[in-house]
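# A look at the structure
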Amino acid sequence: MTSKPMPTSQDSQKHNTAAETDTETDNADTNLSKELSASCLTVDSLIDAQVNFMQQWLHNQAEPLAMEAWQWFGAQPLSKYITCDHLQQLMKDWLLNQPMTEVVRTDIRDILHTIIYHPVNDNVPLSELVDDAQVETLANYIGSHEQQRNILIHTLVGNETFADLLTQTLYHAINDFMESTLDKAGGVGKLMKLGRSSFEKATNRNLDEKLQTYLHRNIKDLTRKAEANAQEHLSNEEVARLMVMGWDRIKDQPISEIQTYLSDEPGNSSIDHIEASIQQSYNRLRLSPYLHSLVSASIDTWYANHQSDTMATIAASLHIDEAAMKQCSTTLLPIVYDALETPWLTAHIREMLAAFYAQPAIKEGLAFTHD
């Protein structure tokens, strides 16, 4: 004797759902019968009863219909409904040829402000954004490429801006030292100041200017020598190690440290300036033949790779599977239910049925009374 398998909770749930659906359908049938029997059977009364039945039926079947529609759509090949020209036109007419609306720009600025100035940044280190392994990989890459390594050394050591800054720093240090020393030297200091004045009159040159010129010339020469020496003697490993050491010094600082480099004053917001600059670049590029050429080539490449794929395969590459669609359909069901109850849908169904019964062949075959 073969025993029957015990019903599972899932089976019970399916059974209950099916039973509820059958009950609701039976109720709809009963209501239809009552409506038809309670009045003289006219075309108008039949249409009203059918409208009610269709709305109730669609309400009960909305979820399975949505999943069946997705399964059918997912099985269709991309090329059956969408061509490469369609995608090209969509990207150009909808994306590239249209400027970003002010509403979207405002949202971008507000979201950036929320992210940058969120309190959580005070407790999260920079290492949360960039992993140590990523820094080491980048450092090893730059260190192992001579051109990139020389650019880095030039930026750190041979940069003229750095030389100018160092010149000014040394000049102010020497000048402050001389002024404070002369003031404390009494008569000797006054004599030295007189000598300085006589020198400037005799040479028609400002001593401060001459000192700055001397420092600038010599510091630039020193930085060039230091850069050449660094490029000659710094090994790939040493360059990589210096980069990693620099990262180690700052990686434990909170992300909110970035805020010190930004202004959040009304009328002088760094976020506003950054967003406006990005928009200016985007508006210039989106209309340029250069970007249009790249977009067209990219779409051609993508379409050539996926034109034979089904919609479900393409959706799966974006992590959209049947489970995700079921969750989505469940979320959207309240909208469907509300739509089924709207007067405009009721009017359209009634208009459709009225047109159906108004056909001569249908009218002749029915024995209903007419209003």
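Owing to the predicted nature of the structure, the values given are computational and were not obtained by experimental measurement. (Residues numbered from 1 in each chain as written. Predicted model: local features only at pLDDT ≥ 70, side-chain atom pairs only at ≥ 80, totals over all residues. Heavy atoms only, no water.)

### What to know about the side chain of His292
- Inspection of the secondary structure puts His292 in helix H13 (residues 289-306).
- If we skip the residues at most four places from it in the chain, His292 touches Lys92, Leu96, Asn97, Arg286 and Leu287. (Helix = DSSP H or I, 4+ residues; strand = E, 2+ residues; numbered from the N terminus. Contact = heavy atoms within 4.5 Å.)

### Let's talk about the packing of aromatic side chains
- Across all of its chains, the model carries 2 aromatic pairs by this definition.
- Geometrically, the ring pair formed by Phe356 and Tyr357 is edge-to-face, given 5.1 Å between the ring centres and 75° between the ring planes.
- What makes Phe356 partly exposed here is its relative accessible area of 40%.
- A residue is classified by how much of its surface remains accessible, and Tyr357, at 10% relative accessible area, is buried. (Phe/Tyr/Trp six-rings, centres within 6.5 Å; stacked < 30°, edge-to-face > 60°. Buried < 20%, exposed > 50% of the residue type's maximum accessible area, 1.4 Å probe, protein only.)

### Brief notes about helix H11 (residues 236-250)
- With 15 residues, H11 extends 22 Å between its outermost C-alpha atoms, agreeing within 8% with the 21 Å of an ideal straight helix rising 1.5 Å per residue.
- What H11 keeps buried is the set Val239, Ala240, Val244 and Trp247. Taken end-on, H11 shows its buried residues confined to a sector of 135°, consistent with a single buried face.
- On its buried side, H11 packs onto helix H6 (132-143) and helix H7 (146-156). (Expected span 1.5 Å × (residues − 1). Arc of directions from axis to C-beta.)

### Observations regarding helix H4 (residues 84-96)
- Taken together, the buried positions of H4 are Cys84, Leu87, Gln88 and Leu96. Angularly, the buried residues of H4 cover 100° about the axis, an arc narrow enough to put them on a single face. Away from the buried face of H4 by more than 90 degrees, exposed residues Asp85 and Trp94 are located.
- For H4, the secondary structure elements touched by its buried residues are helix H12 (270-286) and H13.

### A short note on unusual backbone geometry
- A positive phi angle, near 65°, is found at His319, a position not held by glycine.
- With respect to the helices and strands, the residue His319 is situated in the loop between helix H14 (311-316) and helix H15 (322-340).

### Some thoughts on the pattern of salt bridges
- Across all of its chains, the model carries 8 salt bridges by this definition.
- Residues Asp132 and Lys251 are paired through a salt bridge, measuring 2.9 Å at the closest nitrogen-oxygen approach. Of the two residues, Asp132 is situated in helix H6 and Lys251 in the loop between H11 and strand E1 (264-265); the sequence distance between them amounts to 119 residues.
- Since its relative accessible area comes to 30%, Asp132 is described here as partly exposed.
- By relative accessible area, Lys251 is classed as buried at 18%.
- We note a salt bridge from Glu238 to Arg241, for which the minimum N-O separation is 2.6 Å. One end of the pair, Glu238, and the other, Arg241, are both in helix H11, 3 residues apart, so they sit about a helical turn from each other.
- Overlapping salt bridges bring together Glu102, Arg105, Arg109, Asp272 and Glu275 as one network. (Salt bridge = Lys/Arg side-chain N within 4 Å of Asp/Glu carboxyl O.)

### Brief notes about the packing of helix H5 (residues 102-116) against H12
- Running from amino to carboxyl end, H5 crosses H12 at an angle of 135°, the nearest separation of the two axes being 10 Å. The angle between H5 and H12 falls in the class oblique. Relative to H12, the crossing made by H5 is right-handed. The residues of H12 that touch H5, namely those facing Arg105, Ile108, Arg109, Leu112, His113 and Ile116, are Ile271, Asp272, Glu275, Ala276 and Gln279.
- Looking at side-chain class alone, the contact of H5 with H12 contains 5 nonpolar, 2 polar and 4 charged residues. (Axes fitted to C-alpha atoms, helices over the stretch in contact; angles between N-to-C directions. Parallel < 35°, antiparallel > 145°, perpendicular 65-115°, else oblique. Left-handed = near helix turned anticlockwise from the far one by under 90°. Nonpolar A, V, L, I, M, F, W, Y, C, P; charged D, E, K, R; others polar.)

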